[in-house]
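Examination of the molecular architecture
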Amino acid sequence: MDNLLVVGFVGFFILASIVITWWSSRSTKSASEFYVAGKGVPWVQVGIAMVGSYLSAASFLGCPGDIGVFGIDSIWLSIGFFGGYMALLMLIAGPLRNVGSFTVAGALARRFPDDKLKLAVMVCTIVVSTFYLVPQMLGAGLLFEMLMGWDFLACTIGLGVLMCFYIVFGGMKSTLYNQVIQALFLWAAMVVLTVMAFFLVGGGSLGSIFATADKVVPPDAVSDALVAEYRRDPAAARSRWPKELEAAAAKARTAGEAAVAKAEESAFVATAYKDLAAQVKEQTPEQAIAHVRARLPEAASAMTIGVKTGDSLAILSTVIALVFGTAGLPHILIMFFTVPSARAAKKSVTLCIVALGIFYLCAIILGFLLFPAIYPKLIGWISQGGSGVGLAKNMAVLEISQMVGGKWLMAIGAAGAVAAILSTAAGLMITVAGTVSNDLYKVYINTQASEKQELMIARITTVLMSAIAVVLAVMLKKENIAWLVMLGFGIAASAIFPGMLGTLWWRGATRQGVIASIVTGLVVSCVFIVLLLTGVPTFLGLPTSGGPGVFGVTAGFLALFLVSKLTSDYGKDPEAFLALAHKPDAD
């Protein structure tokens, strides 16, 4: 691809960010201006900025790419990402804006003025934001490394410096304006790409697209089918590739017969998959689809449910994390404090929901269009093993962009992914800066802090958070980006959502119950994440593969209910608080 085009589009965003930062820095003098843009931003602008803040590279590249690897199972990612905003609109948007100040902790503390509650929410905010921020930095570095051949570390540091620049000098106002530009570009890139691919690749027929998907063996299912083939007749497998299987067996003999069988099976799958990829490499997608189906007639299709995971509880956990995690993401919730009223907050969310609905519908359709467009490429990537899976998920959208629109559309797609990363990362960093300065420094370190001191701490926090994110991105370079994002959603759903919902809606919620809910949700979700990342498949009979969603949320709500029933601190005038929270036109 033409590197100059990518550099040109990305350069446009960087230049626009610098200009906007310079312009907005002239009016960013007070704490209110820095944290929430003075609480007077028009709802249309905030609604578009929400789209920019929410749509990360995982949405733009990962949602379609995941369908291209696993098939229909992965539509839950798009549905979950979209469904989260429905929960946000119905349960959180208006009440939170009515009672909030600069941070989520500040909103909850209005009913329960307890420093321990602020501290608990602040810890959750930092943990969630870190889990969500690191994949953005990681994705940017990998994207430039794969597309341009640039140094990963240099690209990641460069992004961190850029984020620091326009948050430290421009605050929330600069962040919002940048997010608006990036959201419009990203959304348009997805819609244009999908429409072009729908007609040029899919023939303008959804029926044809899904009929093709029904014939396709999704790349991940090829591995499962080859495992089944080996287990049906190991002797035939050994006779087909004797050298490869014998070499693998020789290395495992000292560990016993079971290890030898496992090593032979893995060697057979890897060798057979590479052989299949070589056979379809020069074929058209249609020929490759027919070839793989003929080779593996019993394999699942891209329309078969259960390819990604056969455990329905794991799927449920993933969906719950996405739906309720959105309603607990601090960098999304802080947006509600930038509009003048609760009614404006709901309008912003409604606009965002419409835009996201169109975006994720396009992402699903585009995912299925990957099969008739680049199926041999998908098989080739997955045949490479671990790193190939990441390539398939992250590069498939850019590959189909080049196919249907040439180097220009591919450059636009790459720039769209960078726009998503810039927008999301900026929202996360200003959220952390706000909670550290408001909920830690001003509460525990310097209770008499002036606005100038608060802003200085917020800016120092931004620089430190950028450095930490760069270091973690380098350390976690080989981790799956989509999974890291999912873990952030799981923690937000478990630790923040139950307590916030109880505070905003339940008269019977107590201060102790909300704190117990936050701590329990955070601990349970972190335990499941540690088990998941260390390869433990189950815990107390519960699957870890779907993340902490259903387990952490359930534990958080149980802690909220049980502890609230055993205590009686209902907060500062709960009736007046709930009346304010649910007053439609409160300012």
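Residues numbered from 1 in each chain as written. Predicted model: local features only at pLDDT ≥ 70, side-chain atom pairs only at ≥ 80, totals over all residues. Heavy atoms only, no water.

**Focus on the overall build of the protein**
Applied cut-off: Only DSSP runs of H or I with at least four residues qualify as helices, and only runs of E with at least two residues qualify as strands; both kinds are numbered from the N terminus onward. The cut-offs for exposure are 20% and 50% of the maximum accessible area for each residue type, with area from a 1.4 Å probe on protein chains only; residues under the lower value are buried, those over the upper are exposed, and the others partly exposed. Every residue pair with non-hydrogen atoms within 4.5 Å of one another is taken to be in contact. Here the open area of atoms and residues is found with the Shrake-Rupley method and a 1.4 Å probe, where only the protein chains shown may cover a residue.
Secondary structure summary: the protein contains 24 helices and two strands in total. Looking at the protein as a whole, 59% of its 587 residues qualify as buried. Contacts in the protein between residues far apart in sequence, at least 24 positions, make up 84% of those at least 6 positions apart. When the accessible surface of the protein is totalled, it reaches about 22,100 Å², and 67% of it is carbon and sulfur.

**With respect to the packing of aromatic side chains**
So the rule is basically this: To pair, rings of Phe, Tyr and Trp, with the six-membered ring standing in for Trp, must have centres within 6.5 Å; the planes then decide the type, stacked if under 30 degrees apart, edge-to-face if over 60, and tilted in the middle.
According to the stated counting rule, one finds 13 aromatic pairs in the structure shown. Taking 5.2 Å as the distance between ring centres and 80° as the angle between the ring planes, the aromatic pair formed by phenylalanine 210 and phenylalanine 368 counts as edge-to-face. Of this pair, phenylalanine 210 sits in helix H10 (residues 206-215) while phenylalanine 368 sits in helix H18 (residues 342-382); the two residues are 158 residues apart in sequence, bridging distant segments of the chain. Geometrically, the ring pair formed by tyrosine 230 and phenylalanine 268 is tilted, given 5.8 Å between the ring centres and 40° between the ring planes. Placement of tyrosine 230 in helix H11 (residues 219-232) and of phenylalanine 268 in helix H14 (residues 257-280) is noted, with a sequence separation of 38 residues between them. Among the aromatic residues, those joined into a ring-pair cluster are Phe81, Phe359, Tyr360 and Phe489.

**A word on the nonpolar core**
This is how it is decided: Nonpolar cores were defined as sets of buried Ala, Val, Leu, Ile, Met, Phe, Trp, Tyr and Cys residues, with membership established by side-chain atoms within 4.5 Å.
Counting 181 residues, the largest nonpolar core has Tyr85 and Ile92 as the members making the most contacts within it. Membership of the second largest hydrophobic core comes to six residues, among which are Ile320, Ala493, Val550 and Phe551.

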